[in-house]
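Descriptive structure summary
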Amino acid sequence: MFDSDSDVTTTLPAVALVLVFVLGGCLALPSDDPAPSDLEREITAADPPDEITATVDVRRTVDGETSQYTEDIWLRADGTSRIETTAGGTETVIVDDGDRRWHYDATHDWATRLETDPAAMSYLEGVYAQQARYLERYEITAVEETSLDGRDSYHVTFDTPANETIERSINVLIDDTEYVVPLATSERAPVKRAADHVEVWYDQETMFPVKHAVEGDGVTLERTYRNLSIEPGIDDDRFTFDPATDGNGTAVRDVVLPSIDSYDSLEAANRSVPFAVADLPTGAVPETIERDEIIRYEFPDENRTQVSVRYRMPNDESISVSTSDGPRRLAVGGDAVTLGTVTGTIAETDEATELQWACGDRYYSVVVSHAFEDGTALRIGKALSTDC
């Protein structure tokens, strides 16, 4: 995990909508309860439409606590997009015009601008690619005809193959919290927040997923599409953003890539910054692990310095410990967790667990690959936070 880049790319709410569905055109399926093999073949063969619009109702329950919000979305296969969200009292507009992505917080009247990666897969293409992998790893266990939002639909149930547990996964990011959907199985224990049951409601005419639900390990996520329109002919103006007008004249903050320096020793890294650099505590992991790199990042747009110490296993699994003299503007969110006298957050991604906390005017982050045993990130964090 590349700490500096992930600060920017993993926390924008619109970017954090990794959905498990496929977009398609008109397909010829049996009219009455098609076989799972028929649906799998047609879903795999489906292509994204050129554009869609919809209102999306999002509902999530984590450990018994439920939150809900609604999004209005306009998406094109060429990568342009607009998503308007109201969640937790904050109104957010995300606009990608193909060259740059704007993140506008209407509630607090501030905007962030960053360049769009021209080589990146478009939102709709990425959704389709993920679904193809998803179908490879899961079994369709039930298909039934139903109706949803006035559309005749196929209600499809996916389950983990019998007698197997989850090892690898893809991330499902809703707002600022990341959940996990399995992609591969093994005899190892499931990763935290893993989902073992998914249901999708596909529109019979277009095979568009008008609803999907993910369940497992204390988490339930639901996304339901209303007023869905495929190939609606979206006006190009929908994908433009001008802070002078759309943002009420708000100031714009550009996301600037950090400068990077490497060091051969902790002593050298400590001499380069006005704070003590945290390191992996002795005995934190039972495995033999070697220090791989020590990197200092200077974030000029945040007036912040960060030093990350990374340890790596021979199989490329890693642990990194980062120290910073300021908070990340776009920090990864997660579930609250207590570390001695301070409270931090912990979040799961498809590759690792990230734990974050603050201690006075210092900010810490621990990122641990899933190859290490459950609780490793917390054990490291508790050891490093004893002086708080």
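Below, the structure is looked at part by part. The model shown is predicted, which means the values in this text are computed figures rather than measured ones.

Okay, the sheet that holds strand β18 (residues 290-299) next. In spatial order, the strands read β17-β18-β19-β20-β24-β23-β22-β21; together these eight strands make up an open sheet with antiparallel pairing. The open sheet has two edge strands with one neighbour each: β17 (259-263) and β21 (335-339). On average, each strand axis in the sheet is tilted by 20° relative to the strand beside it, whichever way the strands run. In the sheet, strand β23 (residues 352-359) pairs with strand β24 (residues 362-369) via eight bridges, with the strands oriented antiparallel. The residue of β24 that forms the bridge with C359 is R362.

Here D149, not a glycine, exhibits a phi torsion of approximately 55°, which is positive. Residue placement: D149 occurs in the loop between β7 (139-148) and β8 (151-159). The backbone of N227 sits at a positive phi, close to 55°, despite the residue not being glycine.

So, on to helix α5 (residues 376-384). T376, A377, I380 and G381 are the residues of α5 that are buried. The arc that holds the buried residues of α5, viewed along the axis, is 130°, so those residues lie on one side. Lining the buried residues of α5 we find β20 (318-324), β21, β23 and β24.

Now for the state of the cysteines. Scanning all chains against the criterion turns up one disulfide. Paired through a disulfide, C359 and C388 show a sulfur-sulfur distance of 2.2 Å. Between C359 and C388, the S-S torsion sits near -135°, and that sign places the bridge as left-handed. One end of the pair, C359, is in strand β23; the other, C388, is in the segment after α5, and 29 residues separate them in sequence.

Calculation notes
Residues numbered from 1 in each chain as written. Predicted model: local features only at pLDDT ≥ 70, side-chain atom pairs only at ≥ 80, totals over all residues. Heavy atoms only, no water. Pairing = 2+ DSSP bridges. Helix = DSSP H or I, 4+ residues; strand = E, 2+ residues; numbered from the N terminus. Axes fitted to C-alpha atoms, helices over the stretch in contact; angles between N-to-C directions. Buried < 20%, exposed > 50% of the residue type's maximum accessible area, 1.4 Å probe, protein only. Arc of directions from axis to C-beta. Contact = heavy atoms within 4.5 Å. Disulfide = S-S within 2.5 Å.

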